[in-house]
Amino acid sequence: MCFSIPSKVVAIDSDNQIATIDTLGQERHTSIHLLGDEVAVGDYVLVQSGFAMQTIDEQSALDSLELYQEIVTKMEQGAI
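Residues numbered from 1 in each chain as written. Predicted model: local features only at pLDDT ≥ 70, side-chain atom pairs only at ≥ 80, totals over all residues. Heavy atoms only, no water.

Draft legend 1. Geometry of the confidence of the model for the protein. When pLDDT is averaged along the protein, the result is 93, and 99% of the positions lie at 70 or above. Within the protein, helix H1 (residues 58–76) has the poorest average pLDDT of any element, 94, and strand S1 (residues 7–13) the best, 97. (pLDDT = per-residue confidence, 0-100. Helix = DSSP H or I, 4+ residues; strand = E, 2+ residues; numbered from the N terminus.)

Draft legend 2. How the structure looks around unusual backbone geometry. For glutamine 17, which is not a glycine, the phi torsion comes out positive at approximately 55°. Here glutamine 17 lies in the loop between S1 and strand S2 (18–23). The class of glutamine 17 is partly exposed, set by a relative accessible area of 27%. For serine 49, which is not glycine, the phi dihedral falls at a positive 50°. Summarising the element assignment, serine 49 is placed in the loop between strand S4 (44–48) and strand S5 (51–56). (Buried < 20%, exposed > 50% of the residue type's maximum accessible area, 1.4 Å probe, protein only.)

Draft legend 3. Fine view of the environment of glycine 50. For glycine 50, the position within the fold is in the loop between S4 and S5. In this structure, the C-alpha to C-alpha distance between glycine 50 and isoleucine 32, residues 18 residues apart in sequence, is 9.0 Å. Setting aside chain neighbours within four positions, we find glycine 50 in contact with Thr30 and Ser31. (Contact = heavy atoms within 4.5 Å.)

Draft legend 4. Fine view of the nonpolar core. Residues Val9, Ala19, Ile21, Ile32, Leu35, Val39, Val45, Val47 and Ala52 constitute the largest nonpolar core, which totals nine residues. At the level of elements, S2 and S4 are the ones that each hand at least two residues to this core. Look past the residues within four positions of valine 9 in its chain and what remains in contact with it is Ala19, Thr20, Ile21, Val39, Ala40, Val41, Gly42, Asp43 and Val45. (Core = buried A, V, L, I, M, F, W, Y, C linked by side-chain atoms within 4.5 Å.)

This is the structure we're talking about:
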């Protein structure tokens, strides 16, 4: 099973169709070839294998990120 953590688009290089995304405080680059003009700075995307696969609405992204943070916290406490 694969997971995709919602990531916020913080910059776009439209010439190369590459977005800089923030995933839980870590910035990285991902291809936006599959989304084209559908994605803008400030959007949340789901990424698989280096490609932004779809956009996701902000509230759903924030809800998911809250759950991921809860999992991380429990792991750090040894509860998982």
